[in-house]
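These are the residues of each chain, in order.
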Amino acid sequence: MRAARFHGQRDIRIEDIPAPELRPGAVAIDIAWCGICGSDLHEFLEGPIFISEPGHEHPLSGESYPVTMGHEFSGTVSALGEGVTGLAVGDSVIVEPYFVCNECAQCKAGHYNLCVKMGFIGLAGGGGGLSEKVVVDQRWVHPVGDIPLDEAALIEPLSVGHHAAMLANPQAGQVALVGGAGPIGLLTSAVLKALGVTVIMSELSEARKEKALSSGVADFVVDPSKEDVVEFVKSKTNGVGADMAFECTSVNAVLDTLIEAVRPRATVVIVSIWSKRASVDVHKVVLKEIALVGSIAYANDHPATIELVKSGKVDLKPFITGKIGLDGLVNEGFDTLINHNETAVKILVSPAL
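Everything quoted here is computed from the prediction, not taken from an experiment.

1. A look at the pattern of salt bridges
Charged atoms that come close allow side chains of opposite charge to pair. Counted by the stated rule, this structure contains 16 salt bridges. Residues glutamate 15 and arginine 5 are paired through a salt bridge, measuring 3.7 Å at the closest nitrogen-oxygen approach. Taken together, the positions of glutamate 15 in strand 2 (residues 11–16) and arginine 5 in strand 1 (residues 2–8) put the pair 10 residues apart, joining distant regions of the chain. For the salt bridge of lysine 209 with aspartate 223, the shortest nitrogen-to-oxygen distance reads 2.8 Å. With lysine 209 in helix 6 (residues 206–214) and aspartate 223 in the loop between strand 13 (220–222) and helix 7 (229–236), this pair connects stretches of sequence that are 14 residues apart. Like aspartate 223, lysine 209 is buried. Residues joined in a network through salt bridges with shared partners are Glu206, Lys209, Asp223 and Lys226.

2. Some details on unusual backbone geometry
Backbone torsion omega between glycine 47 and proline 48 reads 5°, so that peptide bond is classified as cis. Looking at where proline 48 falls in the secondary structure, it is placed in the loop between helix 1 (38–46) and strand 4 (67–68). Omega for the bond connecting tyrosine 65 with proline 66 falls within 30 degrees of zero, at 15°, which places this linkage in the cis form. Along the chain, proline 66 turns up in the loop between helix 1 and strand 4. Even without being a glycine, arginine 265 presents a positive backbone phi close to 70°. Within the fold, arginine 265 resides in strand 15 (residues 262–270). With a phi angle near 50°, glutamate 289 is a residue other than glycine that sits in the positive phi range.

About the thresholds
- Residues numbered from 1 in each chain as written.
- Predicted model: local features only at pLDDT ≥ 70, side-chain atom pairs only at ≥ 80, totals over all residues.
- Heavy atoms only, no water.
- Salt bridge = Lys/Arg side-chain N within 4 Å of Asp/Glu carboxyl O.
- Helix = DSSP H or I, 4+ residues; strand = E, 2+ residues; numbered from the N terminus.
- Buried < 20%, exposed > 50% of the residue type's maximum accessible area, 1.4 Å probe, protein only.

Any functional reading would require information beyond the geometric quantities listed.
What follows is the structure, encoded as structure tokens:
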């Protein structure tokens, strides 16, 4: 089969490799669509990061690069391994793309996203969605019913937003400030809106500001280069400040603004992956008793996230801004998202194109 393989920094190749073999307890999936994630871009530009280097194989997958990439994917069940129940050939599914040990304290407590050996399918090994086929243990396979498979490929990043949102315990009628209208910022906002939260979004890019408003995931969008974000938030909250905030940019100035713009005893959730150290005004955090929380991926979020889409509370169609084939992955996909990221939200890749 054809697959996009990471061979090193700025070295991704479309190659012919053996198709994965079905095993007991696992499900074979024909890939329909796979999204390009920001972490894929980081691996391409700065990696290996989550991908293991030769001689330092991942402890659970036993693999190092070259590995097949792609962890935001949807597809159709093509075969069931021995012992698999509750699924049928032809089912539309998505994958929660994990390797976890099931033995550490975090796994036993149900927080498997914090597993001490955690890895992601499509980064740590195990195949990936930027290929024609994948075989995954049934535990990680989620049926999506009649959700279109292109939209279903966005449920993985939507689950990132769901996990982050839940850490702030959002309640209908509250106000959230979201810093950054990139894919994760938009999808986190989509979850918040579905839960009845008023969303204020901070963003510089004209195209992303327009997407936040046209998709309906933001009630207000403020441009920090033109307006004072803190004063804008106060004007919408009777001078009190936002109930919660979400940092989705890995930009220090944005984090500083969120801490300033929330009310006392608010929660600020850091959702983005930072490749550099951040500075925090701890004095403000202490005096306002702000809960500053980190969020990584998801754990037990996919069923609720799928239901948000099935119920129509979240519409994923507006966030699909491009569709390409495997051969265009780097030149059409990565290049657009790295050098023209204000023009795209989510680019989907299909091995059939």
